[in-house]
Amino acid sequence: MSNDHHLNTSTSSLQGRLFSFGAVTDVQYADCDNGQNFHKTKWRYYRNSINLLSEAILFWNKRDQRVSFVLQLGDIVDGVNRRTKASQSALNETVAVLDKLSAPCYHTVGNHDLYNFTRTELAHSKLFSLTPDKVLQQDTNCSQIEMNGADQWWETNRFYYSFEPAPGYKFIALDSYDISMLGHGGHHNADFIKAEKFLQSNRPQGNDELNSAEGMHGIERRFVKYNGGVGKKQLQWLHQELQSAAENGQRVVVFGHVPLFPSSADDHTICWNYADVLGVMHQFDCIVMYLCGHDHPGGFSTDSHGIHHYTFPAVVEALSDSNAFGTFDVYSDRMELEGMGDVPSKVVHFLKKD
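*Asks:* I would appreciate a short explanation of the overall build of the protein in the present structure.
*Replies:* Of the regular secondary structure elements, the protein holds 10 helices and 14 strands. Relative to its 354 residues, the protein shows a buried fraction of 58%. Intrachain contacts of the protein at a sequence separation of at least 6 include 68% that bridge at least 24 residues. Carbon and sulfur atoms make up 46% of the accessible area of the protein, which amounts to about 15100 Å² in all.

In structure tokens form, the structure reads like this:
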């Protein structure tokens, strides 16, 4: 596994490390031959992606500085499985690989997940079947993890939640497809109809291919079907979670599938109502980073409020002798990312509070 961006650990002392965690996204596994993306600009190595995921898990399991958990940022299986009627078998294969991880894995929903399954099916799948009690039983590296919201997956198909992996830290998972045409099981679903009307009202007339941004310019190119939005209820919940974190002096990492900050990804991959989400996040100075996937080349940018936006590169487009995953070592004033393959290593400093 090649890594041209390896972090120079000889100049990076591990003294003072609080905890570590891994991140990976857009595995998009399918047991089929290589194919191209929607725009025919990139190759996707579907069958090999599960091998790269296995390599990542082996790395995390053997790492001297063991990870306390891993973030899987969405699109664990590819939409091509739906066409070949292999959705369930593909998910079973990837879950079997994830089960070999010696630490908890926290998931978020991507568009390809919703091409294969309805929200109800995902809520009851092996991917999202962990209850807080099971997470606590599996966790051997964190002193305490509390998941807020996971117990509601079964009843509400809600995929946003938070957990606290270490004293002074909170991680918040966002559902980037809270408002979406995907995963509702049919054109007659009220949520589907609402999302469709919203999407069409923001697109130019004459372009009926909802996955195409043709005729659109700049940030308006985000109004395509494979993106989504964050609903009002979730925004209210996010505000409450951040307010609680600020009051308790916690640092926060937010993660989801779809990018929120235009400079961190291509315009056509940004969340529909990104400004609303950032509007909530920017009310607080406790957020250090937003992690996501979706835009396969990846990207990084820091917004005017000091929040680092990191879009991770996709596993499915990594070559067989490379990979695309990373491990963060968390310190009191920074995070050191050890990147592998297409993920560059980076030291991310926290914004000093006044």
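*Asks:* Please clarify how the sheet that holds strand β10 (residues 299–302) should be interpreted in this entry.
*Replies:* Sheets are built from strands paired through backbone hydrogen bonds, the pairs being either parallel or antiparallel. Pairing is mixed in the open sheet, where six strands are placed in the order β6-β7-β8-β9-β11-β10. For this open sheet the edge positions go to β6 (161–166) and β10, each flanked by a neighbour on one side alone. Neighbour to neighbour, the strand axes of the sheet diverge by 15° on average, direction disregarded. Pairing analysis gives four bridges linking strand β8 (residues 251–255) to strand β9 (residues 287–292), with the strands arranged parallel. In the strand pairing of β9, Val252 is matched with Ile287. Helix-sheet contacts for helix α9 (residues 232–247) involve β6, β7 (169–173), β8 and β9, and the interaxial angle to β7 is about 175°.

*Asks:* Please explain the packing of aromatic side chains as it appears in this structure.
*Replies:* For any two aromatic rings, the description comes down to two numbers: the centre-to-centre distance and the angle of the planes. Scanning the model with the defined rule gives 23 aromatic pairs in all. Where Phe21 meets Phe171, the ring centres are 5.1 Å apart and the plane angle is 85°; that geometry is what we call edge-to-face. Of the two residues, Phe21 is situated in strand β1 (residues 19–24) and Phe171 in strand β7; the sequence distance between them amounts to 150 residues. Summarising the burial analysis for this pair, Phe21 and Phe171 share the class buried. Relative to Trp272, the ring of Phe198 lies with its centre 5.6 Å away and its plane at 40°, an arrangement referred to as tilted. Within this pair, whereas Phe198 is found in helix α8 (residues 190–201), its partner Trp272 is found in the loop between β8 and α10 (274–281), the two being separated by 74 residues in sequence.

*Asks:* Please explain the pattern of salt bridges as it appears in this structure.
*Replies:* Oppositely charged side chains can pair when the atoms bearing their charge come close. Following the criterion strictly, the structure yields 11 salt bridges and no others. A salt bridge links Asp78 to Arg44; the shortest N-O distance between them is 4.0 Å. Residue Asp78 is found in the loop between β4 (69–72) and α2 (80–83), and its partner Arg44 is found in strand β3 (residues 43–44); the two are separated by 34 residues along the sequence. In terms of burial, Asp78 and Arg44 fall into one category: buried. A salt bridge links Arg221 to Asp266, with the nearest nitrogen and oxygen atoms 3.0 Å apart. Of this pair, Arg221 sits in the loop between α8 and α9 while Asp266 sits in the loop between β8 and α10, and the two are 45 residues apart along the sequence. One network of salt bridges, with partners in common, ties together Asp31, Asp33 and Arg47.

*Asks:* Help me understand the packing of helix α1 (residues 46–62) against helix α3 (residues 87–98) in this model?
*Replies:* It is at 9 Å that the axes of α1 and α3 come closest, and there the two elements cross at 15°. In terms of orientation, α1 and α3 fall into the roughly parallel class. Once α1 is placed against α3, the crossing between them reads as right-handed. Residue-level inspection shows Ile50, Leu53, Ser54 and Ile57 of α1 in contact with α3, the latter providing Glu93, Thr94, Val97 and Leu98. A class-by-class count of the residues in the contact of α1 with α3 yields five nonpolar, two polar and one charged.

*Asks:* Whenever I open this one, the nonpolar core confuses me. Can you help?
*Replies:* Nonpolar side chains tend to gather and get buried jointly when the protein is soluble and globular. Judged by nonpolar contacts, the single largest core of 92 residues is most densely connected at Phe21, Trp60, Leu71, Leu242, Phe255, Met281 and Leu291. Of the residues forming this core, the biggest block, seven residues, is contributed by α1. When residues no more than four places from it in sequence are discounted, the contact partners of Phe21 are Val67, Phe69, Leu71, Phe171, Leu291, Gly326, Thr327, Phe328, Val330 and Met335. Listed in part, the 11 residues of the second largest apolar core include Leu199, Phe223, Tyr226 and Trp272.

*Asks:* What exactly am I supposed to notice about unusual backbone geometry here?
*Replies:* For residues besides glycine, phi is generally negative; the peptide bonds are generally trans as well. Within the chain, Asp75 stands out as a residue other than glycine whose phi angle is a positive 60°. Along the chain, Asp75 falls in the loop between β4 and α2.

*Asks:* Sorry, what's going on with the packing of α9 against α10 here?
*Replies:* Angle between the axes and distance between the axes: these two values describe a pair of packed helices. Their axes nearest at 9 Å, the elements α9 and α10 cross at an angle of 20°. Taken together, α9 and α10 sit at an angle that is classed as roughly parallel. Judged by the twist between their axes, the crossing of α9 over α10 is right-handed. Across from Leu235, Leu238, His239 and Leu242 in α9, the residues of α10 making contact are Asp276, Val277, Val280 and Met281. Across the contact of α9 with α10, the residue classes tally to six nonpolar, one polar and one charged.

*Asks:* Where do I start with α10 in this structure?
*Replies:* One turn of the α-helix equals 3.6 residues, which is why residues spaced by three or four share an orientation. Those residues of α10 that fall on the buried side of the exposure criterion are Tyr274, Val277, Leu278, Val280 and Met281. Each buried residue of α10 lies within a common arc of 155° when the element is viewed along its axis, so the set occupies one face. Looking at the buried positions of α10, the neighbouring elements they touch are α9, β8, β9 and β11 (308–311).

*Asks:* When you look at the sheet that holds strand β13 (residues 334–341) in this model, what are you seeing that I'm missing?
*Replies:* Here six strands make up an open sheet; going across it, the order is β5-β4-β1-β12-β13-β14 and the pairing mixed. Two strands bound the open sheet, and with one partner strand each, they are β5 (105–107) and β14 (346–349). Pairwise comparison of adjacent strand axes, ignoring direction, gives a mean angle of 20° for this sheet. With four bridges joining them, β13 and β14 adopt antiparallel strand pairing.

How each quantity is defined
- Residues numbered from 1 in each chain as written.
- Predicted model: local features only at pLDDT ≥ 70, side-chain atom pairs only at ≥ 80, totals over all residues.
- Heavy atoms only, no water.
- Helix = DSSP H or I, 4+ residues; strand = E, 2+ residues; numbered from the N terminus.
- Buried < 20%, exposed > 50% of the residue type's maximum accessible area, 1.4 Å probe, protein only.
- Contact = heavy atoms within 4.5 Å.
- Areas by Shrake-Rupley, 256 points an atom, 1.4 Å probe, with all protein chains shown as cover.
- Pairing = 2+ DSSP bridges.
- Axes fitted to C-alpha atoms, helices over the stretch in contact; angles between N-to-C directions.
- Phe/Tyr/Trp six-rings, centres within 6.5 Å; stacked < 30°, edge-to-face > 60°.
- Salt bridge = Lys/Arg side-chain N within 4 Å of Asp/Glu carboxyl O.
- Parallel < 35°, antiparallel > 145°, perpendicular 65-115°, else oblique.
- Left-handed = near helix turned anticlockwise from the far one by under 90°.
- Nonpolar A, V, L, I, M, F, W, Y, C, P; charged D, E, K, R; others polar.
- Core = buried A, V, L, I, M, F, W, Y, C linked by side-chain atoms within 4.5 Å.
- Arc of directions from axis to C-beta.

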